Amino acid sequence: MPRYEFRCRACGDTFEVNRPMAAAGAPAACPQGHADTVKLLSAVAMTGRGGGGAGGSTSAPAGGGCCGGACGC
């Protein structure tokens, strides 16, 4: 189930709510009981290796970094 992050405008607390995607836009009351909250935009990071590809190769992809691998970062 997706987790959504909110911030309370009254007390400044940030909190998370687990809810189905169908209810993503529904308001959420802060744990302190305040109703004036705003949903935050959260960045999602996905890491790890995906398997497969053409020919079933499981090696790490070439390149990466800030410039596609040319600088070695």
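Report follows, based on the coordinates. (Residues numbered from 1 in each chain as written. Predicted model: local features only at pLDDT ≥ 70, side-chain atom pairs only at ≥ 80, totals over all residues. Heavy atoms only, no water.)

**Comments concerning the overall build of the protein chain**
- A tally of helices and strands in the protein chain yields zero helices and three strands.
- For the protein chain, the N- to C-terminal ordering of α and β elements is β-β-β.
- Only carbon and sulfur atoms are counted for the fraction: they give 53% of the accessible area of the protein chain, which is about 5,600 Å². (Helix = DSSP H or I, 4+ residues; strand = E, 2+ residues; numbered from the N terminus. Areas by Shrake-Rupley, 256 points an atom, 1.4 Å probe, with all protein chains shown as cover.)

**Describing the environment of Lys39**
- In this fold, Lys39 is placed in strand β3 (residues 37–39).
- Along the sequence, Lys39 and Ala28 sit 11 residues apart, while their C-alpha atoms lie 8.4 Å from each other.
- If near-sequence neighbours (up to four positions away) are discounted, Lys39 is found in contact with Tyr4, Glu5, Phe6 and Ala24.
- Here Ala24 takes part through its backbone oxygen, which lies 3.3 Å from a polar atom of the side chain of Lys39. (Contact = heavy atoms within 4.5 Å. Polar contact = N/O pair within 3.5 Å; in protein donor to acceptor, adjacent residues only side chain to side chain.)

**Considerations on the sheet that holds β3**
- Strand order in the open sheet formed by three strands is β2-β1-β3, with antiparallel pairing between adjacent strands. Strands with a single pairing partner mark the edges of an open sheet, and in this sheet they are β2 (14–18) and β3. Recorded for the sheet is a direction-independent mean angle of 35 degrees between the axes of neighbouring strands.
- Relative to β2, strand β1 (residues 3–8) is paired through five bridges, and the arrangement is antiparallel. The residue of β2 that forms the bridge with Tyr4 is Val17. (Pairing = 2+ DSSP bridges. Axes fitted to C-alpha atoms, helices over the stretch in contact; angles between N-to-C directions.)

**A word on the pairing of β2**
- The two faces of β2 differ: Phe15 and Val17 on one face are buried, but Thr14, Glu16 and Asn18 on the other face are not.
- Taking the residues that link successive antiparallel strands as the turn, the β1-β2 hairpin has five residues, and the phi of Gly12 there is positive, at about 85 degrees. (Buried < 20%, exposed > 50% of the residue type's maximum accessible area, 1.4 Å probe, protein only.)

**Comments concerning the pattern of salt bridges**
- Tallied over the entire structure, the rule returns two salt bridges.
- In this structure, the salt-bridge partner of Glu16 is Arg3, at a minimum N-O distance of 3.5 Å. Placement of the pair is Glu16 in strand β2 and Arg3 in strand β1, with a sequence separation of 13 residues.
- Residue classification places Arg3 among the exposed residues on the basis of a relative accessible area of 55%.
- For Asp36, the salt bridge identified is with Arg9, shortest N-O distance 3.7 Å. Separated by 27 residues along the polypeptide, Asp36 in the loop between β2 and β3 and Arg9 in the loop between β1 and β2 bring together distant segments of the chain.
- We classify Asp36 as partly exposed; its relative accessible area is 40%.
- Arg9 sits in the exposed class, given a relative accessible area of 54%. (Salt bridge = Lys/Arg side-chain N within 4 Å of Asp/Glu carboxyl O.)

Geometry only, nothing functional implied.
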